[in-house]
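# Overview (structure and organization)
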Amino acid sequence: MNMSRMKFNYANGNMAIVNMETGKVRVFSEGCRLLVDDCEIDYDAIEQQCVNGIHNARAKAIRYAGLGQWSDFNDGLCAISWMLYPDGQYFADSDGYGMEDNDEEVVYAIIDTDLNIIEPFRPVKNVEAYLKEVGKNVNYHKNIEISQWKQK
């Protein structure tokens, strides 16, 4: 797929992705609320690794940097990010007062060109490696489906 056919639209606090070839649109956020199903968020992994951000995940709240595009649709997949909680410096004033002792908590989801979330939002240490692994699994399953279809 020509990657210029996928468009990320950010307007008025909303984020949507448009597949320009098919005309399909998926709105991922509206205002400060993430518009995904519960099955598209890995709450267990987030609870274990994002102690400050789990409340925002459960509320599907977009309070800080919002959603972002981590990658282009290489091999038909794209990673999108959601900042659940900023690093402690976010809360500090110019003198450093109010700073918290925490790291940024960001989770990632993998979407395909049909705009489906094929891997739920979860903490990921190495997004590039994760995309490659997911891509291998997706291609493996596609090859199995094709070979089963050909046998019929």
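Residues numbered from 1 in each chain as written. Predicted model: local features only at pLDDT ≥ 70, side-chain atom pairs only at ≥ 80, totals over all residues. Heavy atoms only, no water.

## Overview of the packing of aromatic side chains
- For the structure shown, the criterion picks out one aromatic pair.
- Judged by centre distance (5.4 Å) and plane angle (80 degrees), the rings of W82 and F121 are edge-to-face. Here W82, found in strand β6 (residues 77-85), pairs with F121, found in strand β8 (residues 117-122); they are 39 residues apart in sequence, far enough to count as distant.
- Look at F121 and you get buried, because its relative accessible area is 0%. (Phe/Tyr/Trp six-rings, centres within 6.5 Å; stacked < 30°, edge-to-face > 60°. Helix = DSSP H or I, 4+ residues; strand = E, 2+ residues; numbered from the N terminus. Buried < 20%, exposed > 50% of the residue type's maximum accessible area, 1.4 Å probe, protein only.)

## Digging into the pattern of salt bridges
- Taken as a whole, this structure holds six salt bridges when the rule is applied.
- We note a salt bridge from E47 to R58, for which the minimum N-O separation is 3.3 Å. Separated by eleven residues along the polypeptide, E47 in helix α1 (residues 43-49) and R58 in helix α2 (residues 54-59) bring together distant segments of the chain.
- You can call E47 partly exposed: its relative accessible area is 41%.
- In this structure R58 comes out as partly exposed when scored by relative accessible area, which is 45%.
- Residue R122 is joined to E119 by a salt bridge in which the shortest nitrogen-to-oxygen separation is 2.7 Å.
- Connected through salt bridges with shared partners, the residues D42, E119 and R122 form a single ionic network. (Salt bridge = Lys/Arg side-chain N within 4 Å of Asp/Glu carboxyl O.)

## So, the side chain of N19
- On the secondary structure map, N19 appears in strand β2 (residues 14-19).
- Separated by 2.9 Å, the side chain of N19 and the backbone nitrogen of E21 make a polar contact. (Polar contact = N/O pair within 3.5 Å; in protein donor to acceptor, adjacent residues only side chain to side chain.)

## Examining the environment of W70
- Among the structural elements, W70 can be located in the loop between β5 (67-69) and β6.
- As for W70 and Y108, which are separated by 38 residues in sequence, their C-alpha atoms are 8.4 Å apart.
- Setting aside its immediate chain neighbours within four residues, W70 contacts A79, I80, Y108, V127, E128 and L131. (Contact = heavy atoms within 4.5 Å.)

## A short note on the sheet that holds strand β4 (residues 33-34)
- Strand order in the open sheet made by the four strands is β1-β2-β3-β4, with antiparallel pairing throughout. The open sheet terminates on both sides in strands that have one partner only, identified here as β1 (6-11) and β4.
- With two bridges joining them, strand β3 (residues 25-30) and β4 adopt antiparallel strand pairing. Considered in β4, the bridge of S29 is made with L34. (Pairing = 2+ DSSP bridges.)

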